[in-house]
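# Inside the fold
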Amino acid sequence: MPPSPPLDWATETLLADERAGLLRRLRRREGGSGPRCVVDGRAVVVFSSNDYLGLSVHPTVREAASRAALELGVGATGSRHLSGGHGAIADLEETLAGFLGAATATVAPSGYAANVAILEALGGPDATVLSDAGNHASLIDGCRASRSRVAVYRHLDSVDLEARLARAEGRPIIVTDSVFSTDGAAADLIALDRLARRHDAWLIVDEAHALGTTGPGGRGLAAELGVAGDHVVRIVTFSKALGAAGAAICGAEPVRRLLLQRGRALIFSTAPPHPTVAAARAALGVLMAEPELVLRLHRRARLLRLRVGERALPGAHPSSPIVAVLSGDPVRTMELDRALWERGYLVQGLRPPTVEPGTSRLRLVASAAHSEAEIDGVAAALTELLSP
Ligand SMILES: Cc1ncc(COP(=O)(O)O)c(C=O)c1O
């Protein structure tokens, strides 16, 4: 074969990642989206899903998605600025804004796009974004796309944030996950809000892992803590507890108008497909009609945390279904991930860059759809593997 420098570079890069234990491989999953399925040919119970309430397979949600496909078709046919401004999206926004007590909600094709779009809309070269070191990759990429100055403050450290705010140039924007996806820890939104008010800053809160799991009726962490105001923007995703896909950015009227004006990730992307919009609307309806689902999730989350015991990383929000077990080394983490799969449990190992170097971990996620026996089972398998 003739030499191919581009291909040599690709092969070398992948080999380096493999040597460091950081190579990512996709698994093949068969069966539906519920917690019991087949992965790489083995029947497993899934403990790595974001479908916290089991709504991805809820009959009402499935039926709504099917009906939308039959009645309206599938693709939205374009960005909402072109041909994709369907009424069902506007209805979903209105219902969501009412549920969350927000002035407006603006739907985005994904949580990733929502986070990039809000930072594009509010940021700019005249702004400094103050970003928690543990923030989700989509917020990090949003900071870059916004062309703002960026100051990263220590994870969950409002004292460090305050010091950086004091030095920040231009318009300050504080951005944080509300419940962090890698360990279930909650941001101190009350302290962040106090600082935002003192420094006339925006406060952007990504509630991806809090909608449906945290706060009154699953309304999220800001609702639980009473953090609200024109300067507060909340991002909620339909891809986690609502079991669908897409997201919404919730905030004051000018925030929506700026998003439609400057949020490139929204403006230049096709609107979500009809079945997805219908599924998100139906799942929201189930959440509003059956708040006991959230309580069931809390019971399962408590049981998982109890069974994993002192191996669980401390500091998670009490209602978070995420239980992290530190393993440190990426190679060891993926050995444990594989050993759990061999025992019939899909538990995702997290390695850099998802988490900081030296903090690789197993991330177990409880769902309202798990049985108590399944939770006992995964905890027993983990205990066996971690026992000396
Ligand atoms: C905290 C957080 N924000 C945003 C996203 C992106 O959401 P989506 O998967 O809907 O693009 C995720 C998903 O992994 C997330 O964990």
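By convention here, each chain's residues receive numbers from 1 onward along its written sequence. Totals for whole chains, interfaces and linings use all residues, but because this is a predicted model, local features are given only for residues with pLDDT of at least 70 and pairs of side-chain atoms are given and counted only at 80 or more. Only hydrogens and water are set aside when side-chain values are computed; all heavy atoms of the structure are taken into account.

Before going further, it helps to examine the overall build of the protein chain. The way it works is that DSSP assigns letters per residue, a run of H or I at least four long becomes a helix, a run of E at least two long becomes a strand, and they are numbered from the N terminus. Regarding its fold elements, the protein chain presents 14 helices and 14 strands. Expected size for 388 residues packed as a compact globule is a radius of gyration near 21 Å; at 21 Å, the protein chain falls within 12% of this value. Counting every position in the protein chain, which comprises 388 residues, the buried fraction comes to 53%. Only heavy atoms matter for contacts: two residues are in contact if any of them lie within 4.5 Å across the pair. Considering only contacts within the protein chain whose residues lie at least 6 apart along the sequence, 70% involve residues at least 24 apart. In short, Shrake-Rupley with a 1.4 Å probe defines the accessible areas, and a residue's cover is counted only from the protein chains shown. For the protein chain, the accessible surface area stands at approximately 17,300 Å², while carbon and sulfur atoms represent 55% of it. With C-alpha atoms as the basis for the radius of gyration, the globule rule is written as 2.2 Å multiplied by the number of residues raised to the power 0.38. Relative accessibility thresholds used throughout: buried, under 20% of the residue-type maximum; exposed, over 50%; partly exposed, between the two (1.4 Å probe, protein chains only).

Moving on, we come to the pattern of salt bridges. Criterion for a salt bridge: a side-chain nitrogen of Lys or Arg within 4 Å of a carboxyl oxygen of Asp or Glu. A complete count under the given rule lists 18 salt bridges for this structure. We note a salt bridge from D126 to R171, for which the minimum N-O separation is 3.0 Å. Here D126, found in the loop between helix 4 (111–122) and strand 5 (127–132), pairs with R171, found in strand 7 (residues 171–177); they are 45 residues apart in sequence, far enough to count as distant. What emerges from the salt-bridge pattern is a single network uniting R80, E93 and R256.

Our next topic: the domain arrangement of the protein chain. Boundaries between domains were set according to an automatic or database domain assignment. Each assigned domain of the protein chain is listed here: domain 1 (22–51 + 291–386) and domain 2 (59–289). Each of domain 1 and domain 2 has a C-alpha centre, and these two points are 26 Å apart. In this assembly, 22 residues from domain 1 lie in contact with 24 residues from domain 2. Joining two parts hides part of their accessible area as seen by a 1.4 Å probe, and the buried area is that hidden amount summed over both. Summed over both sides, the interface of domain 1 with domain 2 buries roughly 1,500 Å², with 56% coming from carbon and sulfur. In this structure, the connection of domain 1 to domain 2 is made through 0 salt bridges. Side-chain atoms alone can form a polar contact between residues adjacent in sequence; in general such a contact is a pair of N or O atoms within 3.5 Å, and within protein one must be able to donate a hydrogen while the other accepts it. Summed over the shared surface of domain 1 and domain 2, the number is 5 residue pairs in polar contact (both at pLDDT 80 or more).

Tracing the backbone shows T237 in strand 9 (residues 232–237). Beyond its immediate stretch of four places on either side in the chain, T237 contacts G111, A208, L211, G246 and A247.

Turning our attention to the environment of A201. By secondary structure assignment, the location of A201 is in the loop between helix 7 (189–198) and strand 8 (202–206). The residues touching A201, leaving out its near neighbours within four places in the chain, are P172, I173, I174, A196 and H231.

Taken in spatial order, the 7 strands line up as 4-10-9-8-7-5-6 in an open sheet, and their pairing is mixed. Two strands close off the open sheet at either side, each with one partner strand: strand 4 (104–108) and strand 6 (149–153). Across the sheet, the mean angle from the axis of one strand to that of its neighbour is 20°, orientation sign disregarded. Strands qualify as paired when DSSP identifies two bridges or more between them. Pairing of strand 4 with strand 10 (residues 247–251), which is carried by 5 bridges, proceeds in the antiparallel orientation. Bridge pairing in strand 10 places T104 opposite G251. Orientation is described by axes fitted as lines to C-alpha atoms, over the contacting stretch for helices, and by angles from 0 to 180 degrees between their N-to-C directions.

Within 6.5 Å between ring centres, the rings of Phe, Tyr and Trp (the latter by its six-membered ring) count as paired, and their orientation is classed by plane angle as stacked under 30 degrees, edge-to-face over 60, tilted in between. All chains considered together, the criterion is met by 1 aromatic pair. Both a distance and an angle decide whether a charge sits over a ring: NZ of Lys or CZ of Arg must be within 6 Å of the ring centre and within 35 degrees of the ring normal. Geometry around W341 places R42 over its ring, the cationic atom sitting 4.6 Å from the centre.

Consider each residue's heavy atoms; a residue with any of them within 4 Å of a molecule or strand counts as near. Among the 14 residues in the neighbourhood of the ligand, the closest are listed as G111, D206, H209, S239 and K240. In the environment of the ligand, an oxygen atom lies 2.8 Å from a nitrogen or oxygen atom belonging to the backbone of G111. Here an oxygen atom of the ligand and a side-chain polar atom of H136 are 3.2 Å apart. Out of a free accessible area of 390 Å², the ligand has 81% covered by protein chains.

Time to look at the pairing of strand 8. Burial within strand 8 is extensive, with 4 of its 5 residues counted as buried. The pairing of strand 8 with strand 9 spans 4 bridges and is classified as parallel. Bridging across to strand 9, D206 finds its partner in I235.

A 1.4 Å probe that fits but cannot get out identifies a cavity on a 1 Å grid over protein atoms alone, an open set with protein on both sides within 12 Å along at least five of seven lines counts as a pocket, and a residue lines either if it has an atom within 4 Å of a point. Grid points are joined across faces, edges and corners, and a volume is the space filled by probe spheres set on the points. Applying the stated rule across the entire model yields 1 cavity of 30 Å³ or more. By volume, the largest cavity amounts to about 80 Å³. In this structure, the largest cavity is lined by S33, G34, P35, V46, S49, D51, G54, V57, V365, S367, A369 and H370. Just so you know the grouping, Ala, Val, Leu, Ile, Met, Phe, Trp, Tyr, Cys and Pro go in nonpolar, Asp, Glu, Lys and Arg go in charged, and all remaining residues, Gly too, go in polar. Looking at the lining of the largest cavity residue by residue, the class counts come to 5 nonpolar, 6 polar and 1 charged.

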